[in-house]
Amino acid sequence: MAFLADALSRVKPSATIAVSQKARELKAKGRDVIGLGAGEPDFDTPDNIKKAAIDAINRGETKYTPVSGIPELREAIARKFKRENNLEYTAAQTIVGTGGKQILFNAFMATMNPGDEVVIPAPYWVSYPEMVSICGGTPVFVEATQANNFKLTAEDLDKAITDKTKWFIFNSPSNPSGAAYSHAELKALTDVLLKHPHVWVLTDDMYEHLTYGDFKFATPVEVEPKLYDRTLTMNGVSKAYAMTGWRIGYAAGPLALIKAMDMIQGQQTSGACSIAQWAAVEALNGTQDFIPENKKIFEGRRDLVVSMLNQAKGIECPSPEGAFYVYPSCKGLIGKTAPSGKVIETDEDFVSELLESEGVAVVHGSAFGLGPNFRISYATSEELLEEACKRIQRFCGACK
């Protein structure tokens, strides 16, 4: 009898975490490495949010909390959905978890049976298919090609749905591509979902506040209210509020699903960190003035990276609508010989040789289900981004 669970044979380690760890290890050995793998803002958590956490500590808010979150935070979440997304939820229809990952995992754990299928557009965040597999489901991948700006078409979504489909995972703006769906593009997808009443929608809105130019964010159930009774809308404070380490994610959805997720979480971690929850209350209720300021900085970084990468030999880099990632193609380098003498046969070869040759750590696109591409996080200083892009240009120029 095997000691480890069979489910582990269906799961791969997180490629994004692995790249960040390798970059740290090389730095510890004295290598000059620029890590562009981590998906977290380089900004500090705003002072008003930090003060709210300190005040909570001083008030003695350091005990266990209700499993689904403190009432003040659940009420703030309901107000947020009404204020920003025109969605009506009661506090009882919300749940707070230890990061967005726990929200997603608990939703799958509470609903998945063997044989259930989950439609996932590719490229996708690396954890989606692994969570589905751990919970006994079957990921069904549908390519959102670069030719279509990494956006899923209504026709392809319709073809992917079967009588076994339980969930459709939707992420806009997208990690890894940064692609964001307009209201019209979303409406085309929600029209398909209306034809399939057995399919639930799990929408990951984590990058909601990070869209650029004149782009206007919308979430599926806002576009099509008829999906309200079968949509779980997930979000969190990690990206927009620079609170990755605070580990607070949240969601709103049908009461029966929220109660099932509460039961799972009650036997798993119970409530999220009390202090982080009080900080999140201030994040959602307090000033939002820093968000457009940070967006402007991110937009400038995006424009810099896109411009410089498109000047690199063999690289094609679309300009995304949101998040803080670009997802360039390295197709023009496949078959070339790197400075080390190794032939670049895959996007994984490309990022490995780039790291060894120039000390730039990025994540290969095949880890996200679509290559030959690679992901760069531009959530770091313009100085480092400019230097990294110069190194990428040099590396690409040296490939023969």
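What counts and how
- Here, residues in each chain are numbered from 1, in the same order as that chain's written sequence.
- Note on the predicted model: pLDDT of at least 70 is required for a residue's local features to be given, and 80 or more for side-chain atom pairs to be given and counted; whole-chain, interface and lining totals, by contrast, use all residues.
- As a convention, hydrogens and water are excluded, and side-chain values are obtained from all of the structure's heavy atoms.
- UniProt positions are given in the numbering used here, feature names are shortened, and annotations may be inferred rather than shown by experiment.
- A run of H or I in DSSP counts as a helix once it spans at least four residues, and a run of E counts as a strand once it spans at least two, with each numbered from the N terminus.
- Note that the radius of gyration is over C-alpha atoms, with the globule rule given as 2.2 Å times the number of residues to the power 0.38.
- For every residue, the accessible area (1.4 Å probe, protein chains only) is compared with the maximum for its type, and the residue is labelled buried under 20%, exposed over 50%, or partly exposed between those bounds.
- Here, Shrake-Rupley sampling with a 1.4 Å probe gives the accessible areas, and only protein chains in the shown set may cover a residue.
- Here the positive residues are Lys and Arg and the negative ones are Asp and Glu; neither His nor the chain ends is included.
- The term salt bridge refers to a side-chain nitrogen of Lys or Arg lying within 4 Å of a carboxyl oxygen of Asp or Glu.
- We call two N or O atoms a polar contact when they sit within 3.5 Å, provided that within protein one can donate a hydrogen and the other can accept it, with sequence-adjacent residues counted only if both atoms are side-chain atoms.
- Throughout, a contact is declared for two residues whenever any of their heavy atoms are within 4.5 Å.
- Two strands pair if DSSP finds at least two bridges between them.
- Orientation is described by axes fitted as lines to C-alpha atoms, over the contacting stretch for helices, and by angles from 0 to 180 degrees between their N-to-C directions.
- Here roughly perpendicular refers to angles of 65 to 115 degrees, roughly parallel to angles under 35, roughly antiparallel to angles over 145, and oblique to all remaining angles.
- Patch building starts from residues that exceed 30% relative accessible area and form no salt bridge, then joins like charges within 9 Å and nonpolar side chains (Val, Leu, Ile, Met, Phe, Trp, Tyr) within 5 Å.
- A helix is expected to span 1.5 Å multiplied by its residue count minus one.
- Taking the helix axis as origin, the arc is that swept by the directions to the C-beta atoms.

- The protein chain has the name Aminotransferase in an unreviewed UniProt entry, where Rhizobium herbae is given as its organism.
- Of the protein chain, the UniProt comment under Catalytic activity (unreviewed entry) reads exactly: "L-aspartate + 2-oxoglutarate = oxaloacetate + L-glutamate".
- Under the Cofactor (unreviewed entry) heading, UniProt states for the protein chain: "pyridoxal 5'-phosphate".

**Notes on the overall build of the protein chain**
Now for step 1: Helix and strand counts for the protein chain stand at 13 helices and 12 strands.
Now for step 2: The C-alpha atoms of the protein chain give a radius of gyration of 21 Å, which matches the 21 Å a tight globule of 400 residues would have.
Now for step 3: Split into buried and exposed, the 400 residues of the protein chain put 56% on the buried side.
Now for step 4: Per element, the accessible surface of the protein chain, about 16800 Å² overall, is 53% carbon and sulfur.

**Details of the side chain of Lys-239**
Now for step 1: With respect to the helices and strands, Lys-239 occurs in the loop between strand S7 (231-236) and strand S8 (249-252).
Now for step 2: Although Lys-239 is buried, it forms no salt bridge, and the closest oppositely charged side chain is Glu-40 at an N-O distance of 7.0 Å.
Now for step 3: Looking at Lys-239, its side chain comes within polar contact range of the side chain of Tyr-207, at 3.5 Å.
Now for step 4: Apart from the residues within four sequence positions on either side, Lys-239 is in contact with Gly-39, Pro-41, Met-206, Tyr-207, Leu-210, Phe-324 and Tyr-325.

**Examining the sheet that holds strand S9 (residues 325-326)**
Whether parallel or antiparallel, the strands of a sheet pair through hydrogen bonds between backbone atoms.
Now for step 1: Read from one edge to the other, the open sheet built from three strands follows the order S9-S12-S11, with strand pairing classed as antiparallel. Every interior strand has two partners, whereas the edge strands, S9 and strand S11 (363-364), have only one.

**Some remarks on the sheet that holds strand S6 (residues 200-204)**
Now for step 1: Sheet architecture is open: seven strands sit in the order S2-S8-S7-S6-S5-S3-S4, paired in mixed fashion. Sheet topology places strand S2 (94-97) and strand S4 (138-143) at the edges, where each strand pairs with a single neighbour. Strand-to-strand twist in this sheet, taken as the mean axis angle between neighbours without regard to direction, amounts to 20°.
Now for step 2: Inspection of the sheet shows S6 paired to S7 by four bridges, in the parallel sense. Residue Val-201 lies in a different strand from S7, and its bridge partner there is Thr-231.

**Quick look at the UniProt feature "domain: Aminotransferase class I/classII large" (unreviewed entry) in the protein chain**
Now for step 1: Within this structure's numbering, the places UniProt gives as "domain: Aminotransferase class I/classII large" (unreviewed entry) are residues 32-392.
Now for step 2: Strand forms 14% of residues 32-392 and helix 38%; the C-alpha atoms that close the span are 14 Å apart.

**As for the packing of helix H12 (residues 347-358) against helix H13 (residues 382-398)**
Now for step 1: Packing of H12 against H13 leaves a shortest axis separation of 10 Å and a crossing angle of 110°. With respect to their mutual orientation, H12 and H13 come out roughly perpendicular. Taken together, the residues of H13 that come into contact with H12 (itself represented by Phe-350, Glu-353, Leu-354, Ser-357 and Glu-358) are Arg-391, Ile-392, Arg-394, Phe-395 and Cys-396.

**A few points about helix H5 (residues 127-134)**
Now for step 1: Burial analysis of H5 places seven of its eight residues in the buried class, which makes it a mostly covered element.
Now for step 2: For H5, the complete set of buried residues consists of Ser-127, Tyr-128, Pro-129, Glu-130, Met-131, Val-132 and Ser-133.
Now for step 3: Buried residues along H5 sit in contact with helix H4 (100-111), strand S3 (117-122), S4, strand S5 (165-171) and S6.
Now for step 4: Once H5 ends, the next one or two residues include Gly-136, with phi positive near 95°.

**Observations regarding a nonpolar patch on the surface**
Now for step 1: Judged by side-chain polarity, Phe-3, Leu-4 and Leu-8 come together as a nonpolar surface patch covering roughly 410 Å² of accessible area.
Now for step 2: Along the chain, Phe-3 falls in the segment before helix H1 (15-28).

**Digging into the pattern of salt bridges**
Now for step 1: Overall, the coordinates contain 24 salt bridges when judged by the stated rule.
Now for step 2: Note that Glu-356 is salt-bridged to Lys-22, the shortest N-O span being 4.0 Å. With a gap of 334 residues between them, Glu-356 in helix H12 and Lys-22 in helix H1 connect regions that are remote in the sequence.
Now for step 3: According to the relative accessible area criterion, Lys-22 is partly exposed, its value standing at 37%.
Now for step 4: Across the salt bridge formed by Asp-191 and Lys-187, the nearest N and O atoms sit 2.6 Å from each other. Of the two residues, Asp-191 and Lys-187 both sit in helix H7 (residues 183-194), four residues apart, roughly one turn of that helix.

**A few points about H13**
A turn of α-helix holds 3.6 residues, and therefore any two residues three or four places apart point the same way.
Now for step 1: For H13, built from 17 residues, the straight-helix expectation of 24 Å at 1.5 Å per residue is met to within 8% by its first-to-last C-alpha distance of 24 Å.
Now for step 2: Every buried residue belonging to H13 is among Leu-385, Ala-388, Cys-389, Arg-391, Ile-392, Phe-395 and Cys-396, and all of these are buried. Buried residues of H13, seen end-on, are gathered within an arc of 160° and therefore sit on one face of the element.
Now for step 3: Looking at the buried residues of H13, the elements they touch are strand S1 (34-35), helix H11 (290-309), H12, strand S10 (360-361) and strand S12 (374-377).

**Things to note about the side chain of Glu-117**
Now for step 1: Along the polypeptide, Glu-117 turns up in strand S3.
Now for step 2: Summary of buried charges: Glu-117 has no salt-bridge partner, and the nearest side chain of opposite charge, Lys-164, is 5.1 Å away.
Now for step 3: Setting aside anything within four residues of it in sequence, one finds Glu-117 in contact with Thr-138, Val-140, Thr-162, Lys-164, Thr-165, Lys-166 and Trp-167.

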